[in-house]
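One-letter residues, chain by chain:
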Amino acid sequence: LSYALGKQGSTRKKLERSSASIVQYVGHTALFSGTRAERKRAKEYMRWLFEQLEGPVYVDGWQDREDCTVVEVPRECVGYITGSRRATLATMEDEWGVFMFFMNKSDDKGRGKGGRHETELLIIFGAQRDRRGAELKIMNGIEKKAPGTFSRGVRDKTSDVKSFDTDRKALKDEELSYAIGKEAATQ
């Protein structure tokens, strides 16, 4: 129960926010409130949380799900993105209200191509906007550790999509410094 609750209820809150349901523990019973889809997500997320205690977890069919995003993280950046005792990932989960973990099949170490370009799959669960915020923050971290991973050859792009999407604008060095601000205060 303490693992499902987390420090000061952080794990329970993470499951709650990412699934959009209410998750509460009464004694040794977990209660899930919300729509059928929200309750189902919360229970799946909790199952994957506990499965991580036993070993690697892989979400079959993740490509067909609407509640997740996957980022390929270069092997050499995994420790930086995870942080000491998972602190960096936990901070991003708290900031964006998502649930994240590195996905591996038990016999699989890295899904990317061989050599130094090998990658790990980081799966992010939550609402679309929250997932995108976490994904962009992770991309930023990877770009700091392995420059050019996401920015090499990128051009300006404005989406024609009226619903949620992402536009790109390349910045010059002086524009970037100004946009980020002192000590990344406006980032």
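Residues numbered from 1 in each chain as written. Predicted model: local features only at pLDDT ≥ 70, side-chain atom pairs only at ≥ 80, totals over all residues. Heavy atoms only, no water.

**Section: the confidence of the model for the protein**
Here's step 1: Summary statistics for the protein give a mean pLDDT of 89 and a share of 87% for residues scoring 70 or more.
Here's step 2: Across residues 109–117, where pLDDT falls below 50, the model places 17 contacts with residues more than four positions away in sequence or in other chains. (pLDDT = per-residue confidence, 0-100. Contact = heavy atoms within 4.5 Å.)

**Details of the sheet that holds strand β5 (residues 119–125)**
Here's step 1: Read from one edge of the open sheet, three strands run β3-β5-β4, paired in antiparallel fashion. Looking at the sheet topology across the chains shown, the edges are occupied by β3 (68–74) and β4 (99–103). For this sheet, the mean angle separating the axes of adjacent strands, direction not counted, is 25°.
Here's step 2: Running over the sheet, helix α5 (residues 87–96) touches β4 and β5 and is turned about 140° from β4. (Pairing = 2+ DSSP bridges. Helix = DSSP H or I, 4+ residues; strand = E, 2+ residues; numbered from the N terminus. Axes fitted to C-alpha atoms, helices over the stretch in contact; angles between N-to-C directions.)

**Topic: the nonpolar core**
Here's step 1: Ranked by internal contacts, the top residues of the largest apolar core, which has 21 residues, are V59, W62, F101, M103, I123 and F125.
Here's step 2: Where this core is concerned, the elements lending two or more residues are β1 (22–26), α3 (36–54), β3, β4 and β5.
Here's step 3: Examining the composition of this core, we find that five residues originate from one element, α3, more than from any other.
Here's step 4: If we ignore the near neighbours within four places in the chain, the residues touching F125 are S18, Y45, W48, V59, R65, D67, C68, V98, F99, F101 and R131.
Here's step 5: Core analysis: the second largest hydrophobic core is formed by 17 residues, V78, W96, L122 and A146 among them. (Core = buried A, V, L, I, M, F, W, Y, C linked by side-chain atoms within 4.5 Å. Buried < 20%, exposed > 50% of the residue type's maximum accessible area, 1.4 Å probe, protein only.)

**Let's talk about the pattern of salt bridges**
Here's step 1: According to the stated counting rule, one finds 10 salt bridges in the structure shown.
Here's step 2: As a salt-bridge pair, E44 and R65 come within 2.8 Å of each other at their nearest N and O atoms. Here E44 is found in helix α3, whereas its partner R65 is found in the loop between α3 and β3, with 21 residues between them in sequence.
Here's step 3: In this structure E44 comes out as buried when scored by relative accessible area, which is 15%.
Here's step 4: Under the relative-accessibility criterion, R65 is labelled partly exposed at 21%.
Here's step 5: Taking the shortest distance from any N to any O, the salt bridge between D67 and R65 comes out at 2.8 Å.
Here's step 6: Salt bridges here are not isolated pairs; linked through shared partners, they connect K14, R86 and E93. (Salt bridge = Lys/Arg side-chain N within 4 Å of Asp/Glu carboxyl O.)

**Some points on the packing of α5 against helix α6 (residues 128–145)**
Here's step 1: Axis separation between α5 and α6 bottoms out at 9 Å; the angle between their running directions is 145°. Crossing handedness for the pair α5 and α6: right-handed. Contacts between α5 and α6 involve M92, E95 and W96 from the former and R129, D130, G133, A134, K137 and I138 from the latter.
Here's step 2: Each residue belonging to the contact of α5 with α6 can be placed in one class, and the counts come to four nonpolar, one polar and four charged. (Left-handed = near helix turned anticlockwise from the far one by under 90°. Nonpolar A, V, L, I, M, F, W, Y, C, P; charged D, E, K, R; others polar.)

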